[in-house]
Amino acid sequence: MSVNKPRGNTQRTKAEEGVRPGFQLSLDWESIFSSPKSTLAWGIFFLMTGIILEVSFLSYIITGLADQSIVDSFGQESIRDAGRQTRNFFGVLGATFSHIFVYRWFGVGALLLPFVPILAGWKIAFGKELLPLTRATKEVIFFTLWLSALMGYVVLMSNTENTLSFVSGGIGYMVNVWLFDWLKWGSILPILFALFVFVIYFYDAKAVLDKWQARPEKGEDEEISVEGASEPVITGEKEQETEPTVVKEVEYVSVVNDTYDDELIPAVEEIKEEPVVKNNHVLEVLNTEEVSKLASTPPIVPFVPAPVVHAVPELELELEVADHLTAVEVVDIPEDEDINASILREFGQYDPMLDLPTYRFPTIELMSEVIENQHEKVTQEELESNKTKIVETLGSYGINISKIKATIGPTVTLYEIIPEAGVRISKIKNLEGDIALSLAALGIRIIAPMPGRGTIGIEVPNKNRETVFIRSVLMNERFQKSTYDLPIVLGKTISNEIHIADLAKMPHLLMAGATGQGKSVGLNVILASLIYKKHPAELKFVLVDPKKVELTLFNKLERHFLAKLPNADEAIITDTKKVIFTLNSLCIEMDSRYDLLKEASVRNLKEYNAKFAQRRLNPEKGHRFLPYIVLVIDELADLMMTAGKEVETPIARLAQLARAVGIHLVVATQRPSVKVITGLIKANFPARLSFRVTSSIDSRTILDMGGAEQLVGQGDMLLAINSEVIRLQCPFIDTREIEDVCEFIGSQRGYDEAYALPEYEGDEGSESRSEVNTDDFDGLLPEAARLIVTHQQGSTSLIQRKMKLGYNRAGRIMDQLELIGVVGPFTGSKARDVMFHDLNGVDEHLRAMGISG
């Protein structure tokens, strides 16, 4: 019979049920904290806590004095302000904990404390002990206190408590002050006595001493280790007399277990007898009476010179009685991953730098000292004068300025203005010439509007320019600690910051500039940046120098950084035909690298090399460590004039595809016309760098915008990348500095030869051209070739009209022009491609073919 309780007692009833025996909470906290996921999470938490504390304590040793005032004033200022000023590696939190544990409590002895959570976290997360946790905890606690006391004695006796008080901590120092009052200089004795007592009791030194004193002398019983047994077997006269001959004839089978490779295990003849396990390794078959003797007398294991292997089916059944004994361990053939893991454990990661273990990176001392400018860059009077003239000039055209701000750079000063509401930006931009006239400046560049700032920028050249030396940028901390794959220093920005770019992410760079504006110096700076940061095993250069004098200084790096065709005489490529072969060879290298990436199931060179370093790729299958390859062409215009399509096609192909396999291009030209920088090339170079050019048309060709014609020269340049244009001052590197760097590297041990590119023999068409009988050619062929190149139109009707020839003869001449490589193949209704862009180039080609006229 049930009784309904009143509603007012419901709350009391639930409380009573909360303490009712056997009541289960809805959340099983024990299973939550004991689940594998929670165990791993807690283990990682303790690991991270220990690592954070250890790094914080180590950082405090270096930055503790600088963070002292910040920690003392903690709570009086905001966390954000304190965090910005703190120099500890883990910020305010690390500085606070370090101040408590190191400065106030234990000194350098606190460095031992984080090992406790590290060991505990490892055991919780992975189920294995790096060291016995309980024992290690006791050791850490003792040595933390003892080391603090010892350091306190050193600090007190040396009177360095004002500078080295953090070494002992507050506890160690105060203990020594108290001991010094009692014992003076003898206060070290209790500290050493504490260490002595700890060693005696904790490490059981007396037991070790007794064991050493109880060693058997000559003639007494000796311990003889029997192969295959885990405990020594004692043999002697007394044992042999008291032991009856109960040893049966046993045969031994080879069993693989978890401790030894091969154990001798006696085979059982009768199942009635009980198996007895000795130390999990030696199994003897004894009867019940023999089992009783086992506790008092060690067994005698007979030595079998040549054990006979018998297959005994009953053995496996009897071994299953002992759960802790592994009867037979099945050894599987390891797969590729297991083999790779074992090789990695044995040999470690592959390091390509070990090919040149004695290689030394060039030092910064090879660069010239930075010479400070004697004159002030921009005086305050010059700033105020320019501001006034800009405001007055714009005011005369009815444009009022609400605010103006100046930023001084190495070459130009940026004046940012904010016009009043209602002023059109285009109206200010059209006054570029008027502002330049009023300031009497060399070139004014107006940026309207400034990206992301909401202002209009007016760049005015400084009267006293600052020279940016290569040493100052290479010494910069940002460059020294850069983690880019291919870091290159491009110069200083208007705000005097070092601009560093990653060539691997660009991924190609197109440079242009008129003669004498710093283009070759910029190439040398890029090469020097890469040489200072990369090992020869990680980077190779392919240098193309049609002018034959700009890049020859790098010839000494042939056995370190340069790559060339097999059997090539020089590593610096100057001949046009060899340039064509080299570019096509790089295309072959690109295709072969893509095949390797496909087999390795990776997407780029960085992933491939990381997988190879982990020894997960087999060299016997063609895999190898792949260095970055940077192709540098100093003058593209000359190559386009002499080779045309034969150069443009492989360059465009490399620019389209080679990024993922670590091949990058740096191409420079002094004539950025549309005939040199064609649409096919331009579309595949997202990063473009322009020095001063002669016209706005050239600026638009290289940058897709004007402004490069307004630069002031001598390394002043514009970098256009990712739809952003940055004005930079290129660093200056002298010829002597390049010679010193190359001499420093060239004098070291290098590879046996330059990095070999795949061999390229040329296509069948080029071979057939060399075997052509020119005697059958039309006499008007040279004139027709010049006509085609002049009009840049490979049309048979053009030859008909201009040379007044019939269609058949004009067609034969066009076929002969295709045969010698002046025009491309037939493309239907479209005109044929013209392979040359200059009359000098086609004349040289005709003379090489033996055609005169």
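The structure this text deals with has already been given above.
Predicted model, so just to flag it, every value in this text is computed and none were measured. (Residues numbered from 1 in each chain as written. Predicted model: local features only at pLDDT ≥ 70, side-chain atom pairs only at ≥ 80, totals over all residues. Heavy atoms only, no water.)

S.K.: What is the right way to read the packing of aromatic side chains from this model?
M.R.: What characterises a pair of aromatic rings is the spacing of the ring centres plus the angle enclosed by the ring planes. Applying the stated criterion across every chain, the model contains 20 aromatic pairs. Relative to Phe45, the ring of Trp42 lies with its centre 5.8 Å away and its plane at 85 degrees, an arrangement referred to as edge-to-face. Of this pair, Trp42 and Phe45 both sit in helix α3 (residues 36-72), 3 residues apart, roughly one helical turn. Exposure remark for Trp42: the relative accessible area of 37% places this residue in the partly exposed category. With a centroid separation of 5.2 Å and an interplanar angle of 80 degrees, the aromatic rings of Phe142 and Phe143 are classed as edge-to-face. Here Phe142 falls in the buried class, since its relative accessible area comes to 17%. Residue classification places Phe143 among the partly exposed residues on the basis of a relative accessible area of 25%. Among the aromatic side chains, those forming a connected cluster through ring pairs are Phe57, Phe97, Phe101, Trp105 and Phe106. Sitting over the face of the ring of Phe479, Lys533 holds its NZ or CZ atom 5.6 Å from the ring centroid. (Phe/Tyr/Trp six-rings, centres within 6.5 Å; stacked < 30°, edge-to-face > 60°. Helix = DSSP H or I, 4+ residues; strand = E, 2+ residues; numbered from the N terminus. Buried < 20%, exposed > 50% of the residue type's maximum accessible area, 1.4 Å probe, protein only. Lys NZ or Arg CZ within 6 Å of the ring centre and 35° of its normal.)

S.K.: Can you help me understand the pattern of salt bridges in this one?
M.R.: Side chains bearing opposite charge may pair, as long as their charged atoms lie close to each other. Under the counting rule described, the total for this entry stands at 24 salt bridges. In this structure, the salt-bridge partner of Glu589 is Arg593, at a minimum N-O distance of 2.9 Å. With Glu589 and Arg593 both in helix α21 (residues 576-600) and 4 residues apart, the pair spans about one turn of that helix. Across this residue pair, the class does not change: Glu589 and Arg593 are buried. Salt-bridge contacts for Asp704 lead to Lys682; the nearest nitrogen and oxygen are separated by 2.6 Å. In this pair, Asp704 sits in the loop between α26 (696-703) and β19 (716-721) while Lys682 sits in helix α25 (residues 679-682), placing the two residues 22 residues apart along the sequence. Asp704 sits in the partly exposed class, given a relative accessible area of 47%. By sharing partners, the salt bridges in this structure join Arg445, Glu459, Asp716 and Arg727 into a single network. (Salt bridge = Lys/Arg side-chain N within 4 Å of Asp/Glu carboxyl O.)

S.K.: Teacher, can you tell me more about the side chain of Glu538 here?
M.R.: As for its position among the elements, Glu538 is in the loop between α20 (519-533) and β14 (539-544). Those residues in contact with Glu538 that sit more than four places away from it in its chain are Met353, Pro627 and Tyr628. (Contact = heavy atoms within 4.5 Å.)

S.K.: Would you explain the sheet that holds strand β7 (residues 401-408) in this entry?
M.R.: In a beta sheet, neighbouring strands pair by backbone hydrogen bonds and run either parallel or antiparallel. Read from one edge of the open sheet, 4 strands run β7-β8-β10-β9, paired in antiparallel fashion. Whereas interior strands pair on both sides, the edge strands pair on one side only; in this sheet they are β7 and β9 (445-447). Strand-to-strand twist across the sheet, computed as the mean angle between neighbouring axes with direction ignored, equals 20 degrees. When β9 meets strand β10 (residues 456-461), the two strands line up antiparallel, connected through 3 bridges. Note that in β10 the partner of Arg445 across the bridge is Glu459. (Pairing = 2+ DSSP bridges. Axes fitted to C-alpha atoms, helices over the stretch in contact; angles between N-to-C directions.)

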